[in-house]
Amino acid sequence: MEQQEITLGQVTYQVSRVYAGTRPASELVAERLVKRLAENPPFDEGHTKVV
């Protein structure tokens, strides 16, 4: 079991997980956040047409 706090900007994530693998939790969380942002960009991102 691994417990870790990860701070990204002004947000702190508390991660507790049980897993089998060699990658650290911080790497897995960062990968998941990048994937989520790629799937759901912020509202104003990607809108190049301005009225």
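The rules behind these values
- By convention here, each chain's residues receive numbers from 1 onward along its written sequence.
- Residues qualify for local features only when their pLDDT is at least 70, as the model is predicted, and side-chain atom pairs are given and counted only at 80 or more; totals for whole chains, interfaces and linings, by contrast, use all residues.
- Side-chain metrics rest on all non-hydrogen atoms present in the structure, leaving aside hydrogens and water.
- Note on conventions: DSSP H or I runs of at least 4 residues are helices, E runs of at least 2 residues are strands, and numbering of each starts at the N terminus.
- Whether two residues are in contact is decided by their heavy atoms, any of which lying within 4.5 Å being enough.
- Method for areas: the Shrake-Rupley scheme with a 1.4 Å probe, in which residue coverage is limited to the protein chains shown.
- Patch members must show over 30% relative accessible area and no salt bridge, and they are joined within 9 Å when carrying like charges or within 5 Å when they are nonpolar side chains of Val, Leu, Ile, Met, Phe, Trp or Tyr.
- Here, a salt bridge means any side-chain nitrogen of Lys or Arg that lies within 4 Å of a carboxyl oxygen of Asp or Glu.
- Only protein chains enter the accessibility calculation, which uses a 1.4 Å probe. A residue is then buried if its area is under 20% of the maximum for its type, exposed if over 50%, and partly exposed in between.
- What pLDDT conveys is the predictor's confidence in a given residue, as a value from 0 to 100.
- Whether two strands pair comes down to DSSP finding at least two bridges between them.

## Comments concerning the overall build of the protein chain
Alright, step 1. The number of helices and strands found in the protein chain is one helix and two strands.
Alright, step 2. Start at the N end of the protein chain and walk to the C end: the helices and strands fall as β-β-α.
Alright, step 3. Partitioning the intrachain contacts of the protein chain with sequence separation of at least 6 by distance along the chain shows that 3% fall at a separation of at least 24.
Alright, step 4. Total accessible area on the protein chain is roughly 4,900 Å²; 53% of this is exposed by carbon and sulfur atoms.

## Quick word on a nonpolar patch on the surface
Alright, step 1. Together, L8, V11 and Y13 give the surface a local cluster of nonpolar side chains, amounting to about 240 Å² of exposed area.
Alright, step 2. Tracing the chain through its elements places V11 in strand β2 (residues 11–17).
Alright, step 3. With relative accessibility at 41%, the residue V11 sits in the partly exposed group.

## Focus: the pattern of salt bridges
Alright, step 1. Evaluated as defined, the whole model comprises two salt bridges.
Alright, step 2. Among the ionic pairs, R23 bridges to E27, the shortest N-O distance being 2.8 Å.
Alright, step 3. According to the relative accessible area criterion, R23 is partly exposed, its value standing at 31%.
Alright, step 4. Ionic pairing is found between R23 and E31, a salt bridge with its closest N-O pair at 2.4 Å.
Alright, step 5. Bridged by salt links that share partners, the residues R23, E27 and E31 form one connected network.

## Quick word on the confidence of the model for the protein chain
Alright, step 1. Overall, the prediction assigns the protein chain a mean pLDDT of 76, with 71% of residues at 70 or greater.
Alright, step 2. Taken element by element, the predicted model of the protein chain shows its lowest mean pLDDT in helix α1 (residues 25–39) (82) and its highest in β2 (84).

## A look at the pairing of strand β1 (residues 2–8)
Alright, step 1. Across seven bridges, β1 lies against β2 in antiparallel orientation. Each bridged residue has a counterpart across the sheet, and for I6 the counterpart in β2 is Y13.
Alright, step 2. A loop of two residues connects β1 with β2, the two strands running antiparallel in sequence, and G9 in this loop sits at a positive phi of about 65°.

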